[in-house]
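Structure at a glance
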Amino acid sequence: MSILQIGAGGVGWVIAHKCAQNNDVFGDITIASRNIEKCEKIIASIALRDNQKDKNAAISAAKVDADDLDALIELIEDVKPKLVINAGPPWVNVTIMEACYRTKTSYLDTSVAADLCSPGQQVPEAYDVQWAYRERFKAAGITGILGAGFDPGVVSVFAAYGHKHLFDEIDSIDVMDVNAGDHGRKFATNFDPETNMLEIQGDSFYFENGEWHQVPCHSRVLEFDFPVVGKQKVYSMAHDEVRSMAEFIPAKRIEFWMGFSDKYLNYFNVMRDIGLLSPDPINVDGVELQPLRVLKALLPDPTSLAPGYTGKTCIGTWLQGKKDGQPRSVFIYNICDHEEAYNEVEHQAISYTTGVPAITAALLYFQNKWAEPGLYNVEQLNPDDFLELMPKIGLSWDVQELTPNA
């Protein structure tokens, strides 16, 4: 038995630690990346934190370019994993899926294969390129699990749980994401800067009354009183799970909201206005450079933020509708502490809240509970199995009853 993890960034760091904590189930673990030194650093961290449950199982590093289909196929055929966990950036999803399809290997990822702001990749079309593999995965007899992070991921499981147990009719689903932590830097992103900046600069899309609505980024704002972290200002954003929830969960309106401080948005707006957030190449003294890639090189590595990070995140799903003919409003959520995450896996809560759900889903696959051949978003799978297991892997969850129409 073995597992292959592709990607060694912040999320990959946590996934590897959690794989090692559960390697009595997963068996041997291979961590692969373009930068093998990153993989080796994670393995050293696992040893430092004594997070390898079965000391007899192997944890090894491998070098691979996830854009190289032939190299991926060669690696998968060499490792022969039961499951490939894709912890890389979104633009490698389809190449890894193709490699899994050709080698008849099951697949799991944590985000959609799109930047959400390019034509043909925006939220209404976000999953189309991956959903094209549905019949191929089923015919190959392999399982694909899409969007098994936190958002997307757990927030969609929360919505599925609410649909199954708490509501007869759902008027609205609002995904609410706020990081009330402090990393002490003037400006930094909590995960891959390139992915992060592309994600938050595009127009927002929300789903209402069977139609998609498009508005400029950060133009829709509300204040929400979160458990533990209090009142926070959040902004409507384009996000993966709005598309998949619109596909699989009946609701009149579905929208994603994320918290940003005024200081963060000031930096963001200046960088966008002067062109630093552009992925399009420019010529600088005869050299082709992408401004966004240059910015990525200048910003702190998200992994470097973990030591000294304080505060908490609160991420959840706010559902409003009716149960037994009466109005109902609930917030299903998780609180994660940056310091506690660092003490356990040497990383911060943003990566922790993505890595734990991925391993929860992977364990359900190994337990044959989320293992039907085919390709599935988490909204399509049994939420009860997931929510029973996730606290044992590291993330608790709670349901807060709110005053309807508050």
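Residues numbered from 1 in each chain as written. Predicted model: local features only at pLDDT ≥ 70, side-chain atom pairs only at ≥ 80, totals over all residues. Heavy atoms only, no water.

1. Observations regarding a nonpolar patch on the surface
A surface patch of nonpolar side chains, about 470 Å² in accessible area, is lined by Ile 282, Val 284, Val 287, Leu 289, Val 294 and Leu 298. Secondary structure elements with two or more residues in the nonpolar patch: β13 (282–284), β14 (287–289) and α12 (291–298). Inspection of the secondary structure puts Val 287 in strand β14. (Patch = residues over 30% accessible without salt bridge, like charges linked within 9 Å, V, L, I, M, F, W, Y side chains within 5 Å. Areas by Shrake-Rupley, 256 points an atom, 1.4 Å probe, with all protein chains shown as cover. Salt bridge = Lys/Arg side-chain N within 4 Å of Asp/Glu carboxyl O. Helix = DSSP H or I, 4+ residues; strand = E, 2+ residues; numbered from the N terminus.)

2. As for the nonpolar core
Ile 85, Ile 96, Leu 108, Ile 173, Met 197, Trp 370 and Phe 386 are the most contacted members of the largest nonpolar core, which totals 121 residues. Considering every element that reaches this core, the biggest residue donor is helix α14 (residues 349–366), with 11 residues. Those residues in contact with Met 197 that sit more than four places away from it in its chain are Phe 187, Thr 189, Tyr 264, Phe 268, Leu 277, Leu 292 and Leu 295. Of all hydrophobic cores here, the second largest spans 11 residues; its members include Met 176, Phe 224, Trp 257 and Phe 331. (Core = buried A, V, L, I, M, F, W, Y, C linked by side-chain atoms within 4.5 Å. Buried < 20%, exposed > 50% of the residue type's maximum accessible area, 1.4 Å probe, protein only. Contact = heavy atoms within 4.5 Å.)

3. Some points on the pattern of salt bridges
One pass over the structure, following the stated rule, counts 20 salt bridges. Note that Arg 243 and Glu 247 form a salt bridge whose closest N and O atoms lie 3.0 Å from each other. Here the residue Arg 243 and the residue Glu 247 both occupy positions in helix α10 (residues 240–248), the gap between them amounting to four residues, near one helical turn. Residue class for Arg 243 comes out buried when judged on its relative accessible area of 11%. Overall, Glu 247 belongs to the partly exposed group, its relative accessible area being 38%.

4. Some thoughts on the packing of α14 against helix α15 (residues 383–393)
Contact geometry for α14 and α15: axes closest at 9 Å, N-to-C directions at 125°. With respect to their mutual orientation, α14 and α15 come out oblique. Note on packing geometry: the crossing formed by α14 with α15 is right-handed. Between α14, through Tyr 352, Val 356, Pro 357, Ile 359, Thr 360, Ala 361, Leu 363 and Leu 364, and α15, the contact on the second element is made entirely by Asp 385, Phe 386, Leu 389, Met 390 and Ile 393. Of the residues belonging to the contact of α14 with α15, the class tally is 11 nonpolar, one polar and one charged. (Axes fitted to C-alpha atoms, helices over the stretch in contact; angles between N-to-C directions. Parallel < 35°, antiparallel > 145°, perpendicular 65-115°, else oblique. Left-handed = near helix turned anticlockwise from the far one by under 90°. Nonpolar A, V, L, I, M, F, W, Y, C, P; charged D, E, K, R; others polar.)

5. As for the environment of Asn 283
Among the secondary structure elements, Asn 283 is positioned in strand β13. A polar side-chain atom of Asn 283 sits 2.9 Å from the main-chain amide nitrogen of Gly 286. Looking at Asn 283, its side chain comes within polar contact range of the side chain of Glu 288, at 3.4 Å. (Polar contact = N/O pair within 3.5 Å; in protein donor to acceptor, adjacent residues only side chain to side chain.)

6. Focus on the packing of aromatic side chains
Under the definition given, this model contains 19 aromatic pairs. On the basis of an interplanar angle of 75° and a centroid distance of 6.2 Å, the ring pair of Phe 150 and Phe 158 is categorised as edge-to-face. Like Phe 150, the residue Phe 158 is buried in the burial classification. For the ring pair Phe 187 and Tyr 264, a centre distance of 4.9 Å and an interplane angle of 35° mean the geometry is tilted. Taken as a pair, Phe 187 in the loop between β7 (169–179) and α9 (193–201) and Tyr 264 in helix α11 (residues 262–273) lie far apart in primary sequence, 77 residues in all. Side by side, Phe 187 and Tyr 264 carry an identical accessibility label, which is buried. Three or more aromatic residues joined by ring pairs form one cluster here, namely Phe 187, Tyr 235, Phe 260, Tyr 264 and Tyr 267. Taking NZ or CZ as reference, Arg 49 lies 5.5 Å from the ring centre of Tyr 342, over its face. Positioned above the aromatic ring of Tyr 206, the side-chain terminus of Arg 220 is 4.1 Å from the ring centre. (Phe/Tyr/Trp six-rings, centres within 6.5 Å; stacked < 30°, edge-to-face > 60°. Lys NZ or Arg CZ within 6 Å of the ring centre and 35° of its normal.)

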